[in-house]
Amino acid sequence: MYLICGEALFDFFAQADSGEQANKVEFKAIAGGSPFNVAVGLRRLGIESALFAGLSTDYLGRRLKQVLLDEGVSDRYLLDLDAPTTLAMVALDANGSPAYSFRGEGCADRQVHSHHLPELGPEVRGLHVGSFSLVVQPIADTLLALVKRESGRRLISLDPNVRLNPEPDIEVWRQRINELIPYADVIKVSDEDLELLYPGQDPQLIARSWLSQRCQLVFLTRGSQGASVFSREHGQRSIPASAVTVADTVGAGDTFQAAVIAWLTEHELDSVEGLQQLTASRLDTLLDFASRAAALTCSKTGPDLPYRAQLM
């Protein structure tokens, strides 16, 4: 089982203008949040997962919980909290790239404190942390404490997934990511994230600096330009983006992340020792699997993550 840690929310997608009155905007609400998506994505790929998150007891929070249960995500580490559900208002540009506006101050997914930290049994193979739960309080410090406690005991993966609306100070993001990196075994980052965190710096040099610490693999996604993986033994391996008609890119990075964890777990390589055994050809296969999974998500509106049978 993998324990995914962080926010769960509803994405409210503004529907395309069809000549309605200017004072009306129609929305389509879809359950999401980066960690939520990764947990669901793992189950759809056949891997046991659980979500460590605060869920509201309001109507939307109950809907989020039901989605998780319907998808087969374990509710063992969910917290029922008497606070509102976070809302993310999403508008898409002409290329399908999302622009977010969050309504989250004081909401349930942020109200996870250190006293909520669970004890983990041997069935939990690894942890994944990412997105704005890394920088909004009090959950940010709670997740940092969890990662510090569990690093070296089980696989730790990290995806910064920088979202400046919940926390607009990039220095806060930079400081927290730098605190987490020494404890992470696998890091996935987008080129957009790197440019925000370390503007103008060479991604290869950044990857090498992370690999000089505990990290074994760094995945870099570049949207339509493809993806790369960096390792200590095999340097940089790259793959072009899969050909697909893009509906939007919402959830593509979460799908890539879930696919990386799923592939490693399927092949019993989801440990530091396993990562060190990866050959160059296996890295290529892993990169191809994750890229194809992300492309399938891009072909649909919203974070509609693929099932394992679609990637045979």
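In the block above lies the structure referred to throughout.
Only a predicted model underlies this, so the values are computations on that prediction, with no experimental measurement involved.

1. As for the sheet that holds strand β4 (residues 49-56)
Point 1. One open sheet holds the nine strands; their spatial order is β5-β4-β1-β8-β9-β10-β11-β12-β13, and the pairing between them is mixed. Edge positions in the sheet fall to β5 (78-81) and β13 (235-239), since each has one partner strand and no second. Across the sheet, the mean angle from the axis of one strand to that of its neighbour is 15 degrees, orientation sign disregarded.
Point 2. In terms of strand pairing, β4 meets β5 through four bridges, oriented parallel. Looking at β5, one finds that Ala53 is bridged to Leu78.
Point 3. Its contacts with the sheet place helix α6 (residues 203-211) against β10 (186-190), β11 (217-221), β12 (227-231) and β13, and it is angled at close to 155 degrees to β11.

2. Things to note about helix α3 (residues 139-150)
Residues that lie three or four places apart on an α-helix share one face, since the helix turns once every 3.6 residues.
Point 1. Taking 1.5 Å of rise per residue, 12 residues should cover 16 Å, and α3 covers 16 Å from first to last C-alpha, within 8% of that figure.
Point 2. Taken as a whole, α3 has its buried residues at Ile139, Ala140, Thr142, Leu143, Leu144, Leu146, Val147 and Glu150.
Point 3. Against β1 (2-5), β4, β8 (126-130), β9 (155-159) and α4 (170-180) lie the buried residues of α3.
Point 4. Directly beyond the C-terminal end of α3, a positive phi value near 90 degrees is found at Gly152.

3. Quick notes on the nonpolar core
Point 1. Counting 48 residues, the largest nonpolar core has Leu42, Leu51 and Phe219 as its most contacted members.
Point 2. By residue number, the principal contributor to this core is helix α7 (residues 252-266), which donates nine residues.
Point 3. Formed by 47 residues, the second largest nonpolar core is a distinct cluster that contains Val124, Phe132, Leu134 and Ile181.

4. What to know about the pattern of salt bridges
Point 1. Considering all chains together, one arrives at 20 salt bridges under this definition.
Point 2. Close ionic contact of Asp141 with Arg176 constitutes a salt bridge, the shortest N to O distance being 3.0 Å. Of this pair, Asp141 sits in helix α3 while Arg176 sits in helix α4; the two residues are 35 residues apart in sequence, bridging distant segments of the chain.
Point 3. For Asp141, a relative accessible area of 40% translates into the label partly exposed.
Point 4. For Glu150, the salt bridge goes to Arg154, with nearest N and O atoms at 2.6 Å.

5. A few points about the packing of helix α1 (residues 34-44) against helix α2 (residues 59-71)
Between two packed helices, the angle of one axis relative to the other and the distance separating the axes together describe the packing.
Point 1. Put simply, α1 and α2 touch, their axes get as near as 9 Å, and they point 20 degrees apart. Our classification of the angle between α1 and α2 gives roughly parallel. Two packed elements cross with a definite hand, and for α1 against α2 that hand is left-handed. Residues Phe36, Val40, Arg43 and Arg44 of α1 touch α2, and the partners they reach there are Leu64, Val67, Leu68 and Glu71.

Quick notes on the rules
- Residues numbered from 1 in each chain as written.
- Predicted model: local features only at pLDDT ≥ 70, side-chain atom pairs only at ≥ 80, totals over all residues.
- Heavy atoms only, no water.
- Pairing = 2+ DSSP bridges.
- Helix = DSSP H or I, 4+ residues; strand = E, 2+ residues; numbered from the N terminus.
- Axes fitted to C-alpha atoms, helices over the stretch in contact; angles between N-to-C directions.
- Contact = heavy atoms within 4.5 Å.
- Expected span 1.5 Å × (residues − 1).
- Buried < 20%, exposed > 50% of the residue type's maximum accessible area, 1.4 Å probe, protein only.
- Core = buried A, V, L, I, M, F, W, Y, C linked by side-chain atoms within 4.5 Å.
- Salt bridge = Lys/Arg side-chain N within 4 Å of Asp/Glu carboxyl O.
- Parallel < 35°, antiparallel > 145°, perpendicular 65-115°, else oblique.
- Left-handed = near helix turned anticlockwise from the far one by under 90°.

That's the geometry; what it means functionally is another story.
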